[in-house]
Structure formats: C-alpha cells, structure tokens
Amino acid sequence: MFAAQRLEKIKEILLEKKQIDVVTLSSILDVSEVTVRRDLEKLEGQGFLTKTHGGAILKEPDGNPPQQEEDPLKEEREQIGIIASHMVDDNEAILLGPGLLCLEIARNLKDKNNLTIVTIDLNIAIELADCTNINVIIPGGYLIGSSLSLYGDLTEKFLSDMFVNKAFIEVDGISEDRGYTINNAQQASVTKAMMRITKEVIIVADYTKFGKIAFNQIGLIHNANKVITNDKVPIEFKKYFFDEEIPIFTTYQL
C-alpha cells in the first residue's frame, strides 16, 4: 500500500472510530509501527488528528479533539461481566484474554474462592492484585504499551505448558463466514494459543461486533462452546447460533 493510500485509510478509520491505537493501525495496514507513527505525524501536521500516547484522536471541525463522552456500552459490559462470573466456579483455573469485557469479568470474580486466573492483560492483573483468594498468573512476553498486554513467542510458549477449565476471549468481529476475528495480529496469534489450552472457549462480545469482520481470524463459529453478548444482538444471529447448537447468553434489556 502506497503512503497516500495509507493516509486515506487512516482518515477513513478515524472518521468512523474517532480514535485508534498504533498497534491496531499497524495490523490493519500491514506496516511497521514506525511507519504508522510517521503517517500520524503527517496527518497531525495537516490538522486532521491529535497524536496521543500510543495512538491518535480525530480533531473536530473547530480544531479541538473530541470531548470525552460517556461510554454508551458501559452498562452492557457490566451485565456481560455478571453473566460470565456465574459460569465460573470456586477452585477453577480460568483464562481472561485482553480487553474491557474481560476486565469487567475480573471485577465480578473477586468473591470467588481459590481461583487461578491466567491473563496477559496487565490491567486485569492490577485489578485483582489485592484479592488474596485469587492466584493471578501473568505469562512472560513483549509488552505492548498502548494496550498494556503481553504478546509474542515467549507468551505463547509459556501458555503451551498450561491447561485451564475455561477461557474467556473478547473479539472484534463475529460473522457466519469468517467466525471470530480480531484486529491485532499479535493478539490474534496469542489468542489462538489460549484457545488450545482450555476445556471450554467462551466468546464475549457486545452486540456491535456481530456482522463485522476484523483483520485476523482466530476461529470458526464452532470453535467456541458458548457466546455471551447483549440482548440487542441481531435476531438472525440468535437464530443462527440456536440452529448451530451453540449456546448464546444475552443480557436483559430494560
């Protein structure tokens, strides 16, 4: 992809998402993070965006970054976290992948007894740091600063020696044809390693991820044992998972 094409693609992504991190852009554009940062500098010079630590934010027409809005999915993430926590029993070993949904699950597991939780997400590890009833295991690996998560061959090798009862995996896209997909290539590789070391794969995603296809495939529909999402998930997907005999758990809708 030529530089001009990359710049247009970055503009397109930012107009849709309002903000993006360097790691994700690097994966989507299939270029190095250094190249992405140079592109962001060019666009910042044009007044299109504002660079942040690890990413960029779209500038509004008045030239200012957008104001932080209340998270529209916060309540629904909290509900998903509660549902997921009911699937975890005392004395189990579980894995929590990176992401805000898995962080919410962690917040709802603090009252469990004698849990072992494996995670590559340092935000989750910090959240559970004071829980003396939970053993937290953090694999080694390369730290991706923008996401505070660990990736790479070292992480995958560390995971290969483990086995857990359940793995909660957050995804960026779910479709009938491509199954479960993730934007970040490094995260996708580690996620596949996670799915190989568990008895039960549980996919977590808010309703906006259904019908979307992200850059990297981590598995087909049948590679998950259960799916947790919101009640707003399109009815055609509810029917599809029912027909495929894959349990789909949804939050209540007020």
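What counts, and where the lines are drawn
- Residues numbered from 1 in each chain as written.
- Predicted model: local features only at pLDDT ≥ 70, side-chain atom pairs only at ≥ 80, totals over all residues.
- Heavy atoms only, no water.
- Core = buried A, V, L, I, M, F, W, Y, C linked by side-chain atoms within 4.5 Å.
- Buried < 20%, exposed > 50% of the residue type's maximum accessible area, 1.4 Å probe, protein only.
- Helix = DSSP H or I, 4+ residues; strand = E, 2+ residues; numbered from the N terminus.
- Pairing = 2+ DSSP bridges.
- Axes fitted to C-alpha atoms, helices over the stretch in contact; angles between N-to-C directions.
- Phe/Tyr/Trp six-rings, centres within 6.5 Å; stacked < 30°, edge-to-face > 60°.
- Parallel < 35°, antiparallel > 145°, perpendicular 65-115°, else oblique.
- Left-handed = near helix turned anticlockwise from the far one by under 90°.
- Contact = heavy atoms within 4.5 Å.

**Examining the nonpolar core**
Grouped together as the largest cluster of nonpolar side chains are 36 residues, with contacts concentrated most on I169, Y180 and F241. Mapped onto this core, the elements with two or more residues apiece are strand 4 (93-96), strand 8 (149-151), strand 9 (164-170), strand 11 (179-182), helix 8 (185-195), strand 12 (198-204) and helix 9 (235-243). In terms of residues, this core owes the most to one element, helix 8, which gives five residues. Core analysis: the second largest hydrophobic core is formed by 23 residues, I124, L128, F168 and I228 among them.

**Overview of the sheet that holds strand 13 (residues 216-219)**
Sheets are built from strands paired through backbone hydrogen bonds, the pairs being either parallel or antiparallel. The three strands are arranged 10-11-13 in an open sheet whose pairing can be described as antiparallel. If you trace the sheet from one side to the other, it starts and ends with strand 10 (173-175) and strand 13, each paired once. The average undirected angle you get between the axes of adjacent strands in this sheet is 35°.

**Overview of the packing of aromatic side chains**
With the rule as written, the count across this model stands at three aromatic pairs. Between the aromatic rings of F210 and F241, the centroid separation amounts to 6.3 Å while the plane-to-plane angle is 75°, which identifies the pairing as edge-to-face. In this pair, F210 is assigned in the loop between strand 12 and strand 13 and F241 in helix 9, connecting sequence segments 31 residues apart. When the centroid spacing of 5.9 Å and the interplanar angle of 85° are considered together, the rings of Y240 and F241 count as edge-to-face. Residue Y240 shares its accessibility class with F241, and that shared class is buried. Cluster of aromatic residues (ring-pair linked, three or more members): F210, F237, Y240 and F241.

**Quick notes on the packing of helix 4 (residues 74-85) against helix 5 (residues 100-107)**
Relative to each other, helix 4 and helix 5 sit at 55°, their axes nearing to 8 Å. The angle between helix 4 and helix 5 places the two elements in the oblique class. The interaxial crossing formed by helix 4 with helix 5 has right-handed handedness. For the pair formed by helix 4 and helix 5, the contact residues are R77, E78, I80, G81 and A84 on the first element and L100, L101, E104 and I105 on the second.

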